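Descriptive structure summary
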Amino acid sequence: SYTTFTYSEPKASWNETPANLNSGGKKGRLTPSLTVKVTVSNTGKVAGEEVAQLYVRDLVGSVTRPVKELKGFHKIMLQPGESRELSFTLTERELGFYRRDMTFGVEPGDYEIMLGGNSEELKKVKVTLK
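Note that this is a predicted model, so its numbers are computed, not measured.

Definitions and cut-offs
Residues numbered from 1 in each chain as written. Predicted model: local features only at pLDDT ≥ 70, side-chain atom pairs only at ≥ 80, totals over all residues. Heavy atoms only, no water. 1 Å grid on protein atoms, 1.4 Å probe; cavity = no way out; pocket = protein on both sides within 12 Å on 5 of 7 lines; lining within 4 Å. Points joined across faces, edges and corners; volume = space filled by probe spheres on them. Helix = DSSP H or I, 4+ residues; strand = E, 2+ residues; numbered from the N terminus. Nonpolar A, V, L, I, M, F, W, Y, C, P; charged D, E, K, R; others polar. Pairing = 2+ DSSP bridges. Axes fitted to C-alpha atoms, helices over the stretch in contact; angles between N-to-C directions. Polar contact = N/O pair within 3.5 Å; in protein donor to acceptor, adjacent residues only side chain to side chain. Contact = heavy atoms within 4.5 Å. Buried < 20%, exposed > 50% of the residue type's maximum accessible area, 1.4 Å probe, protein only. Lys, Arg positive; Asp, Glu negative; His and termini not counted. Salt bridge = Lys/Arg side-chain N within 4 Å of Asp/Glu carboxyl O. pLDDT = per-residue confidence, 0-100.

Roughly 150 Å³ of internal volume is contained in the largest pocket. What lines the largest pocket is Phe5, Thr6, Tyr7, Glu50, Leu115, Gly116, Gly117, Asn118, Glu121, Leu122 and Lys123. If you list the elements that add at least two residues to the lining of the largest pocket, you get strand E1 (5-7) and strand E9 (109-116). Among the elements that line the lining of the largest pocket, the one with the most residues is E1, at three residues. Among the residues making up the lining of the largest pocket, the classes are represented as four nonpolar, four polar and three charged.

Turning our eyes to something else, we now look at the sheet that holds strand E4 (residues 48-58). Strand order in the open sheet made by the four strands is E5-E4-E9-E10, with antiparallel pairing throughout. Two strands in the sheet have a free side with no partner beyond their single neighbour: strand E5 (69-78) and strand E10 (123-129). Pairs of neighbouring strands in the sheet enclose a mean axial angle of 20°, with direction left out of account. Of the strand pairs in this sheet, E4 and E5 are connected by nine bridges, and their pairing is antiparallel. By the bridge assignment, glutamate 49 is partnered in E5 with methionine 77.

The topology assignment puts arginine 65 in the loop between E4 and E5. Among the polar contacts listed, one links the side chain of arginine 65 to the side chain of glutamate 69, at a separation of 2.9 Å. In this structure, arginine 65 is in contact with Asp58, Leu95, Gly96 and Phe97, ignoring residues within four places of it in sequence.

Looking now at the environment of leucine 95. Counting through the fold element by element, leucine 95 comes out in helix H1 (residues 92-95). In this structure, the C-alpha to C-alpha distance between leucine 95 and arginine 57, residues 38 residues apart in sequence, is 9.0 Å. With near-sequence residues (within four places) excluded, leucine 95 lies in contact with Trp14, Val56, Arg65, Leu90, Val106 and Tyr111.

With a phi angle near 70°, methionine 102 is a residue other than glycine that sits in the positive phi range. Mapped onto the secondary structure, methionine 102 falls in the loop between strand E7 (97-98) and strand E8 (104-105). In this structure methionine 102 comes out as exposed when scored by relative accessible area, which is 59%.

Time to look at the side chain of glutamate 50. With respect to the helices and strands, the residue glutamate 50 is situated in strand E4. Among buried Asp, Glu, Lys and Arg side chains, glutamate 50 stands out as unpaired, with lysine 75 the closest opposite charge at 10 Å. Among the polar contacts made by the side chain of glutamate 50, one reaches the side chain of tyrosine 7 at a distance of 2.8 Å. Those residues in contact with glutamate 50 that sit more than four places away from it in its chain are Phe5, Tyr7, Val40, His74, Lys75, Ile76 and Gly117.

With respect to the element layout, glutamate 112 can be found in strand E9. Not counting residues up to four positions away in its chain, the partners in contact with glutamate 112 are Tyr55, Val56, Arg57, Leu59, Lys124, Val125 and Lys126.

A word on the confidence of the model for the chain. Taken residue by residue, the chain gives an average pLDDT of 90. The fraction at 70 or more is 88%. Summarising per-element confidence for the chain, the mean pLDDT is lowest in strand E2 (residues 11-18) (81) and highest in E1 (98). In this model, residues 19-26 is a region of pLDDT below 50 whose contacts with residues beyond four sequence positions or in other chains number 14 contacts.

Given below as structure tokens:
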């Protein structure tokens, strides 16, 4: 790109939503979902496209997992000086994994959420699922 972009510090908040497709649970059960918001700004002098990438790291999982797992992205076009708030929603599908007994689910613990235009220059926020 011929322009530059900056990212604000991400903000994360937990919600409870009805059980989703991967829960396998009873109807009416609530499962956590995580909303992560970040503002991307075009700080350059020309319009440009940016792909905002969201990565997740499970800090205390019972199974060793990758340091950065790509779980979402948004491609946006910004004019010079323009900013846009992006919102990502992470559900059991994005936070869960197959455990040693081959069951799929989410485990309580600490997660690191990382956002940026590439996998190296990332803004981070730590969240805890209880």
